Amino acid sequence: MQTILVTGGAGYIGSHTCVELLEKNYEVIVIDNLINSSKESLNRVKKITGKSITFYEKDILDKDALDKIFNDHKIDAVIHFAGLKAVGESTQIPLTYYHNNLTGTLILLQAMQQASVFNLVFSSSATVYGEVNQAPYTEDMPLSATNPYGLTKVMIEQFLQDTYESHNYWNISILRYFNPVGAHKSGLIGEDPNGIPNNLMPYVSQVAVGKLKQLKVFGGDYPTIDGTGVRDYIHVTDLALGHIKALEKIASQTQTSIEAYNLGTGNGSSVLEVVNAFKEASSKDIPYDIVDRRPGDLAIAYANAGKAKAQLGWEANQTLKDMCQDTWNWQTNNPNGYR
């Protein structure tokens with residue numbers, strides 16, 4: 001049985017990935033500083049799976065804590081989610097983002113190297129495609145970013161590339177997520193943003209449940225089906241399963257490698273398509289107001305997910321309707337998130 005260290009495992013995507021790992025009989029160790037997450041998510045993971053997680057409330061910036069975890073456990077691979085992730089906030093406190101995301105990753109890689117753990121799945125983002133590429137995005141496109149958060153992902157991908165090239169006993173999977181939404185079918189775990197949500201789906205669900213008055217739609221004059229921005233929304237459970245496939249690929253390979261994979265559906269949905277799908281799922285009205293575009297927002301962004309299908313045997317199976325129903329189920333069962 002393999003033991004997987006999950007950094008940031010109490011967060012939204014981390015907790016859903018922990019469920020899938022436990023369901024596949026992996027041993028799971030989580031390190032999370034709980035700055036943007038709740039320990040309650042891991043209690044719920046135990047409820048869903050009937051299995052326990054070893055949890056450390058520590059920060060990956062704490063090298064001594066990491067070294068101790070690697071010394072105390074025989075770890076086979078690391079899934080690295082830990083990091084600050086709000087695009088808007090990153091433009092206000094860039095140094096905090098650079099310190100946390102870049103230094104944290106460097107310390108993690110040093111601890112892994114010291115412990116001779118060379119299998120890594122890294123949580124990257126479609127933000128690395130920047131403004132210059134045209135959708136659908138493929139993994140061989142040049143990388144760039146329009147904000148400090150995105151730039152930390154570009155730079156970490158470069159760290160990993162350089163690390164692999166200097167010591168090619170590393171085995172690294174870089175997963176570039178598109179727009180994760182939805183929640184676990186049980187309604188026990190889901191997205192629990194602090195304060196006003198940054199992302200569309202939790203914002204829409206909070207309008208539907210009556211916590212927020214109305215949705216602001218940024219831009220109604222894009223060259224798209226209805227003038228609103230088009231994105232590739234992927235169910236968080238599909239996304240979690242992508243990490244299992246990446247681990248399986250790493251474990252089965254006879255040769256080491258570093259590979260990047262898009263995890264998306266390969267289709268785009270506009271903001272208003274999401275709003276209408278959510279109306280249907282919740283039977284609630286969702287008032288919205290179309291306002292000016294935000295600087296740096298793209299009209300259309302979606303994945304070509306063919307490489308993940310060909311090399312990992314992974315593809316997204318859940319529909320926009322599923323995503324909305326599961327989000328609504330989570331929101332109505334947990335109107336105040338984990339609090």
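As a reminder, the structure under discussion sits directly above these lines.
Not measured: the values here are computed from a predicted model.

Caption draft 1: Just the overall build of the protein chain, in detail. Across its full length, the protein chain holds eleven helices and 14 strands. The C-alpha atoms of the protein chain give 19 Å as radius of gyration, which agrees with the globular expectation for 339 residues (20 Å, within 12%). Reported as C-alpha extents along the three principal axes, the dimensions of the protein chain are approximately 55 × 45 × 40 Å. In the protein chain, which comprises 339 residues, the proportion classed as buried is 53%.

Caption draft 2: Empty space enclosed by the protein, seen in detail. Applying the stated rule across the entire model yields one cavity of 30 Å³ or more. Reported here for the largest cavity is a volume of approximately 30 Å³. As for the largest cavity, its lining consists of Asn 171, Ile 172, Ser 173, Lys 249, Ile 250, Gln 253, Ser 257, Glu 259 and Tyr 261. Counting residues per element, the ones that place at least two in the lining of the largest cavity are strand S6 (171–177), helix H8 (236–252) and strand S11 (258–263). Ranked by residue count, the leading element in the lining of the largest cavity is S6, at three residues. Grouping the amino acids of the lining of the largest cavity by side-chain chemistry returns three nonpolar, four polar and two charged.

Caption draft 3: View of the sheet that holds strand S9 (residues 230–231). Ordered in space as S12-S9-S14, the three strands form an open sheet in which the pairing is mixed. Either end of the sheet is taken by a strand with one partner, and the two such strands are strand S12 (269–270) and strand S14 (300–301). Looking at chain direction, S9 and S12 are connected through two bridges and run antiparallel. By the bridge assignment, Arg 231 is partnered in S12 with Ser 269.

Caption draft 4: Geometry of the nonpolar core. Ranked by internal contacts, the top residues of the largest apolar core, which has 39 residues, are Ile 4, Val 6, Leu 21, Val 28, Ile 53, Leu 247 and Leu 263. Filtering out sequence-adjacent residues up to four positions away, Leu 263 remains in contact with Leu 175, Arg 176, Tyr 177, Phe 178, Ile 234, Leu 239, Gly 242, Ala 308 and Trp 314. Counting residues in each nonpolar core, the second largest holds 27 residues, with Ile 60, Ile 75, Leu 109 and Leu 120 among its members.

Caption draft 5: Main features of the packing of helix H1 (residues 12–23) against helix H2 (residues 40–49). Viewed as axis vectors pointing N to C, H1 and H2 meet at an angle of 30°, and their least axial separation amounts to 10 Å. Taken as axis vectors, H1 and H2 run roughly parallel relative to one another. Seen from above, H1 lies across H2 with right-handed handedness. Residue-level contacts link Ser 15, Cys 18, Val 19, Leu 22 and Glu 23 of H1 to Ser 41, Val 45, Ile 48 and Thr 49 of H2.

Caption draft 6: Local environment of the packing of H1 against H8. Between H1 and H8, the shortest axis-to-axis distance is 8 Å and the interhelical angle comes to 60°. When the interaxial angle is binned, H1 and H8 end up oblique. For the crossing formed where H1 meets H8, the hand is right-handed. Touching Tyr 12, Ile 13, His 16, Thr 17, Glu 20 and Leu 21 of H1 are Val 236, Thr 237, Leu 239, Ala 240, Leu 241, His 243, Ile 244 and Leu 247, all from H8. Residues belonging to the contact of H1 with H8 are distributed by class as follows: nine nonpolar, four polar and one charged.

Rules of the game
Numbering of residues begins from 1 in every chain and follows the order in which that chain's sequence is written. Thresholds applied to this predicted model are a pLDDT of at least 70 for local features of residues and 80 or more for the giving and counting of side-chain atom pairs; totals over whole chains, interfaces and linings are not thresholded and use all residues. The basis for every side-chain value is the complete set of heavy atoms in the structure, and neither hydrogens nor water enter the calculation. We count a stretch as a helix when DSSP gives it H or I for four or more residues in a row; a strand needs E for two or more, and each element gets its number in order from the N terminus. A radius of gyration in this sense is built from C-alpha atoms; the matching globule rule multiplies 2.2 Å by the number of residues raised to 0.38. Exposure is judged per residue with a 1.4 Å probe applied to protein chains only, and the accessible area is read against the type maximum: over 50% gives exposed, under 20% gives buried, and values in between give partly exposed. In the cavity and pocket records, a cavity denotes points on a 1 Å grid over the protein atoms alone where a 1.4 Å probe fits but cannot get out, a pocket denotes an open set with protein on both sides within 12 Å along at least 5 of 7 lines, and lining residues are residues with an atom within 4 Å of a point. Grid points are joined across faces, edges and corners, and a volume is the space filled by probe spheres set on the points. Under the convention adopted here, Pro, Cys and the residues Ala, Val, Leu, Ile, Met, Phe, Trp and Tyr are nonpolar, Asp, Glu, Lys and Arg are charged, and Gly plus all remaining residues are polar. Following DSSP output, two strands are said to pair if at least two bridges run between them. We call a set of buried Ala, Val, Leu, Ile, Met, Phe, Trp, Tyr and Cys residues a nonpolar core when their side-chain atoms join them within 4.5 Å. Contacts are assigned to residue pairs with any non-hydrogen atoms lying within 4.5 Å of each other. Fitted lines through C-alpha atoms serve as axes, helices being fitted only where they are in contact, and the angles separating the N-to-C directions of these axes extend from 0 to 180 degrees. Any angle that falls under 35 degrees is termed roughly parallel, while one over 145 is termed roughly antiparallel, one within 65 to 115 roughly perpendicular, and all others oblique. By definition, turning the near helix anticlockwise from the far helix through less than a right angle yields a left-handed crossing, and turning it clockwise yields a right-handed one.

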